[in-house]
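Here's the letter readout for the chains.
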Amino acid sequence: MTTFVPQEPLIDALETQWQALHDLVSPLTDEQWTTESVLPGWQVRDIMAHIVGTESMISGLQPDETVDVKEREHVKNAIGELNERWIDHYRARSRDALMADFASVTAGRLKSLRGMTEGQWDADSATPVGPDTYGRFMRVRDFDCWVHEIDLRDSLNLGKPENVAPAQFAIREIEMSLPYVVGKKARAEVGSVVAFDITGLYPLTIFISTEDRSAVVPAIEGKPDVTLKLDAVDLARLAGNRPLANPKNVEIIGDTDLGVAVVRSLHFMI
C-alpha cells in the first residue's frame with residue numbers, strides 16, 4: 001500500500017517539532033545537558049546528537065569513524081551502530097557546536113523539503129519502514145523526533161509535549177503498525193475488533209478489524225470486542241518500550257484477555 005502524506009502540513013509540523021526541541025533544550029543547565037537519559041547508554045545531549053546526526057545523514061553527511069561501537073551493550077544492530085557513531089562525533093564537540101549544527105541542518109532540511117515538487121514528495125523512496133513515498137519517510141522523521149521529545153522530557157521530568165501538529169502526524173504513523181500489533185503479535189482471533197481510544201493532544205479513535213486480515217477500518221457496526229483507552233504519550237512509550245511505559249495506564253474495556261494481549265504486544269519500535 002502506498003502512503004500519500006500532505007506535503008505542506010507535514011513540513012510545517014516538522015518545523016514546529018524542531019523548534020520545540022530547540023526551545024526545550026536551550027535553557028537546560030550543563031548538569032541537565034549531561035544527565036543520563038531514559039535511553040540506555042545515552043545522556044540528554046546524546047538524544048539531540050542523534051537527531052542532528054540523522055538529519056545530517058539524510059543531507060548526505062557521514063559521521064567520523066571512531067572506535068568499534070559494536071561491543072557497547074545498548075547497541076543492538078547496524079542502525080544502532082550508525083547512531084552511536086554520531087553520538088561519538090558530537091561527544092567530541094561542544095554543546096554550542098552541536099546546537100549550531102542542529103540549527104543549520106534543520107534549516108537546510110526545511111529549505112530542501114519546501115523546494116520539492118509534489119511528484120518528488122510522492123515518489124517511491126526507501127524508508128525505515130520499507131519502500132513507500134518520500135512523504136511517508138518524512139512522517140517517520142516527525143514521529144521519531146516527537147518520540148525523542150518525550151524521551152527528553154521524561155529524562156528531566158519536564159511534562160508532555162504541547163504541540164498538536166507533530167503529535168497528529170506521529171500518531172498517524174503509529175496507526176500504521178497497529179494492525180500488525182493486533183493480528184500478528186497479539187494473535188487476535190479472526191472477526192475480532194480492537195478500538196484504540198487515544199486521548200491527549202490529538203484525540204482519535206482507531207478501529208482494527210481482523211475480518212479478512214488485520215486492518216484499520218474507518219468505522220464498525222456495534223461495539224468493538226475491546227477498547228484500549230490511553231494517552232498518546234503513553235502509547236508512544238509503550239510502542240518504544242520506554243522505561244516509563246506503564247501498561248497500567250491503559251484502561252481496558254471489554255475482552256480483558258484480548259486487551260492485555262494487545263497491550264503486551266505494543267512494543268514494535270526498533
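What this report covers is the structure whose coordinates are included nearby.

### Re the packing of helix 3 (residues 44–58) against helix 7 (residues 134–156)
For step 1, the next point in the chain: Two elements in contact, helix 3 and helix 7, have axes whose closest approach is 9 Å; the angle formed by their N-to-C orientations is 170 degrees. The orientation of helix 3 relative to helix 7 falls into the category roughly antiparallel. Across from Val-44, Ile-47, Met-48, His-50, Ile-51, Thr-54, Glu-55 and Ile-58 in helix 3, the residues of helix 7 making contact are Tyr-134, Phe-137, Arg-141, Asp-144, Cys-145, His-148, Asp-151, Leu-152, Ser-155 and Leu-156.

### Quick word on the sheet that holds strand 4 (residues 204–209)
Hydrogen bonds along the backbone pair up the strands of a sheet, which may run parallel or antiparallel.
For step 1, the next point in the chain: The five strands are arranged 5-4-3-6-7 in an open sheet whose pairing can be described as mixed. Each having just a single partner strand, strand 5 (215–217) and strand 7 (251–254) make up the two edges of the open sheet. Strand-to-strand twist of the sheet, defined as the mean angle between neighbouring strand axes without regard to direction, takes the value 25 degrees.
For step 2, the next point in the chain: Two elements, strand 6 (residues 226–231) and strand 7, share four bridges in a ladder whose sense is antiparallel. The residue bridging Leu-228 from the neighbouring strand is Ile-252, located in strand 7.
For step 3, the next point in the chain: Of the strands in this sheet, strand 3 (193–199) and strand 6 touch helix 10 (residues 232–239), which is tilted by about 100 degrees from strand 6.

### Examining the pattern of salt bridges
For step 1, the next point in the chain: According to the stated counting rule, one finds 17 salt bridges in the structure shown.
For step 2, the next point in the chain: Among the ionic pairs, Asp-132 bridges to Arg-136, the shortest N-O distance being 2.9 Å. The two residues Asp-132 and Arg-136 agree in class, both being buried.
For step 3, the next point in the chain: With a closest N to O distance of 3.0 Å, Arg-237 and Asp-234 form a salt bridge. Of this pair, Arg-237 and Asp-234 both sit in helix 10, three residues apart, which is roughly one turn of the helix.
For step 4, the next point in the chain: Judged by relative accessible area, Asp-234 falls into the buried class, the value being 9%.
For step 5, the next point in the chain: Several salt bridges converge on common partners, so that one network encompasses Glu-8, Asp-12, Glu-15 and Arg-114.

### What to know about the environment of Leu-228
For step 1, the next point in the chain: Of note, Leu-228 is situated in strand 6.
For step 2, the next point in the chain: Leu-228 sits 24 residues away from Ile-252 along the chain, and the two C-alpha atoms are 4.9 Å apart.
For step 3, the next point in the chain: The contacts of Leu-228, once residues within four sequence positions are left out, are Val-194, Ala-195, Phe-196, Asp-197, Val-250, Glu-251, Ile-252, Gly-259, Val-262 and Val-263.

### Considering a negative patch on the surface
For step 1, the next point in the chain: A cluster of like negative charges, contributed by Glu-189, Asp-225, Asp-255 and Asp-257, occupies part of the molecular surface.
For step 2, the next point in the chain: Here Asp-257 shows up in helix 11 (residues 256–264).
For step 3, the next point in the chain: The exposed category is assigned to Asp-257, whose relative accessible area is 65%.

### Concerning the packing of helix 3 against helix 5 (residues 95–114)
For step 1, the next point in the chain: Following both chains from N to C, one finds helix 3 and helix 5 inclined at 35 degrees, their axes separated by 9 Å at the closest point. Here helix 3 and helix 5 pass one another in a crossing that is left-handed. Within the contact between the two elements, helix 3 uses Arg-45, Met-48, Ala-49, Ile-51, Val-52, Glu-55, Ser-56 and Ile-58 and helix 5 uses Leu-98, Met-99, Asp-101, Phe-102, Val-105 and Arg-109.
For step 2, the next point in the chain: Residues belonging to the contact of helix 3 with helix 5 are distributed by class as follows: nine nonpolar, one polar and four charged.

### A few points about the packing of aromatic side chains
For step 1, the next point in the chain: Evaluated as defined, the whole model comprises three aromatic pairs.
For step 2, the next point in the chain: Arranged with centres 6.4 Å apart and planes meeting at 70 degrees, the rings of Trp-121 and Tyr-134 form a pair that is edge-to-face. Of this pair, Trp-121 sits in helix 6 (residues 118–121) while Tyr-134 is found in helix 7, placing the two residues 13 residues apart along the sequence.
For step 3, the next point in the chain: Classification of Trp-121 by relative accessible area gives buried; the value is 1%.
For step 4, the next point in the chain: Taken together, a centroid distance of 5.7 Å and an interplanar angle of 80 degrees make the contact between Tyr-134 and Phe-137 edge-to-face. Here Phe-137 and Tyr-134 lie together in helix 7, a separation of three residues that amounts to about one turn.

Cut-offs used in this document
Residues numbered from 1 in each chain as written. Predicted model: local features only at pLDDT ≥ 70, side-chain atom pairs only at ≥ 80, totals over all residues. Heavy atoms only, no water. Axes fitted to C-alpha atoms, helices over the stretch in contact; angles between N-to-C directions. Helix = DSSP H or I, 4+ residues; strand = E, 2+ residues; numbered from the N terminus. Parallel < 35°, antiparallel > 145°, perpendicular 65-115°, else oblique. Contact = heavy atoms within 4.5 Å. Pairing = 2+ DSSP bridges. Salt bridge = Lys/Arg side-chain N within 4 Å of Asp/Glu carboxyl O. Buried < 20%, exposed > 50% of the residue type's maximum accessible area, 1.4 Å probe, protein only. Patch = residues over 30% accessible without salt bridge, like charges linked within 9 Å, V, L, I, M, F, W, Y side chains within 5 Å. Areas by Shrake-Rupley, 256 points an atom, 1.4 Å probe, with all protein chains shown as cover. Lys, Arg positive; Asp, Glu negative; His and termini not counted. Charge placed at Lys NZ, Arg CZ, Asp CG, Glu CD. Left-handed = near helix turned anticlockwise from the far one by under 90°. Nonpolar A, V, L, I, M, F, W, Y, C, P; charged D, E, K, R; others polar. Phe/Tyr/Trp six-rings, centres within 6.5 Å; stacked < 30°, edge-to-face > 60°.

Purely geometric numbers; function is a separate question.
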